[in-house]
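Residue strings, one per chain:
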Amino acid sequence: MEARLEFQVGEALKARGWTISAAESCTGGLVMHRLTDIPGSSAYVIGGVVSYANAVKRDLLKVKQETLDTQGAVSAETAQQMVIGALNLFGTDAAVAITGIAGPGGGTPAKPVGLTYIAAALKGAPPVVERHVWSGDREAVKAASAEAALRLILSLLQTA
């Protein structure tokens, strides 16, 4: 059986002596929960922020107000700025960021419930952003988003 993603991410970070941080919105800290579920994760997990409110995205993660106004909190641009903000805020080697609409309300035709943008970045490299539209209830959207975030950062770590 394949090891859980959070374990694989931890092993990849430890092998390089690297650290990780996260900026989460719709997942409410689920990625950090999963990472810190691994014994010994204090060797590589530095910290995370749940940036549910736009003011936190702007003031703590340095997401541009113009981006929030023109693209919205749920956008590729916001996810990209969130992940860069996490790298800078925590001074880590790697970071993930997630923003989306977990539902059941809040969706629009242009941005439906289940829409999630996930960004991952390694220090000194441009962020990678994925767009997903998950089906299912709020819990399913959060779980799928956290899983995809761990998968994305692992893929970057494996090619670094």
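So, here's what we can say about the structure.

**Focus: the environment of Gly124**
Line of reasoning, step 1. Along the chain, the position of Gly124 falls in the loop between strand 4 (115-122) and strand 5 (128-133).
Line of reasoning, step 2. We classify Gly124 as exposed; its relative accessible area is 84%.

**Description of the packing of helix 1 (residues 5-16) against helix 6 (residues 138-159)**
Line of reasoning, step 1. Close contact between helix 1 and helix 6 brings their axes to 9 Å; oriented N to C, the two are set at 30°. Between helix 1 and helix 6, the angle is such that the two are roughly parallel. When the axes of helix 1 and helix 6 are compared, the crossing they make is left-handed. Residues Leu5, Glu6, Gln8, Val9, Ala12, Leu13 and Arg16 of helix 1 pack against Glu147, Leu150, Arg151, Ile153, Leu154, Leu157 and Gln158 of helix 6.
Line of reasoning, step 2. Classifying every residue of the contact of helix 1 with helix 6 by side-chain character gives eight nonpolar, two polar and four charged.

**Quick notes on the nonpolar core**
Line of reasoning, step 1. Counting 30 residues, the largest nonpolar core has Val9, Leu13, Ile20, Val31, Leu35, Ile153 and Leu157 as the members making the most contacts within it.
Line of reasoning, step 2. Counting only elements with at least two residues in this core, the list comes to helix 1, strand 1 (20-24), helix 2 (30-36), strand 3 (94-100), strand 4 and helix 6.
Line of reasoning, step 3. In terms of residues, this core owes the most to one element, helix 6, which gives 10 residues.
Line of reasoning, step 4. If we ignore the near neighbours within four places in the chain, the residues touching Leu13 are Trp18, Thr19, Ile20, Tyr44, Ala94 and Leu157.
Line of reasoning, step 5. If you look at the next biggest cluster of nonpolar residues, it comprises 18 residues, including Ala23, Leu61, Leu68 and Ala119.

**Examining the pattern of salt bridges**
Line of reasoning, step 1. If you walk through the whole model with that rule in mind, you get six salt bridges.
Line of reasoning, step 2. The partner of Glu6 in a salt bridge is Arg4, and the shortest N-O contact between them spans 2.9 Å.
Line of reasoning, step 3. Using a relative accessible area of 4% as the deciding quantity, one classes Glu6 as buried.
Line of reasoning, step 4. Owing to a relative accessible area of 43%, Arg4 belongs among the partly exposed residues under this scheme.
Line of reasoning, step 5. Between Glu147 and Arg34 there is a salt bridge, with its nearest N and O atoms 2.8 Å apart. Placement of Glu147 in helix 6 and of Arg34 in helix 2 is noted, with a sequence separation of 113 residues between them.
Line of reasoning, step 6. The class for Glu147 is partly exposed, based on a relative accessible area of 27%.
Line of reasoning, step 7. Residue classification places Arg34 among the buried residues on the basis of a relative accessible area of 16%.
Line of reasoning, step 8. Through salt bridges with shared partners, one network takes in Arg4, Glu6, Arg34 and Glu147.

Procedures and definitions
Residues numbered from 1 in each chain as written. Predicted model: local features only at pLDDT ≥ 70, side-chain atom pairs only at ≥ 80, totals over all residues. Heavy atoms only, no water. Helix = DSSP H or I, 4+ residues; strand = E, 2+ residues; numbered from the N terminus. Buried < 20%, exposed > 50% of the residue type's maximum accessible area, 1.4 Å probe, protein only. Axes fitted to C-alpha atoms, helices over the stretch in contact; angles between N-to-C directions. Parallel < 35°, antiparallel > 145°, perpendicular 65-115°, else oblique. Left-handed = near helix turned anticlockwise from the far one by under 90°. Contact = heavy atoms within 4.5 Å. Nonpolar A, V, L, I, M, F, W, Y, C, P; charged D, E, K, R; others polar. Core = buried A, V, L, I, M, F, W, Y, C linked by side-chain atoms within 4.5 Å. Salt bridge = Lys/Arg side-chain N within 4 Å of Asp/Glu carboxyl O.

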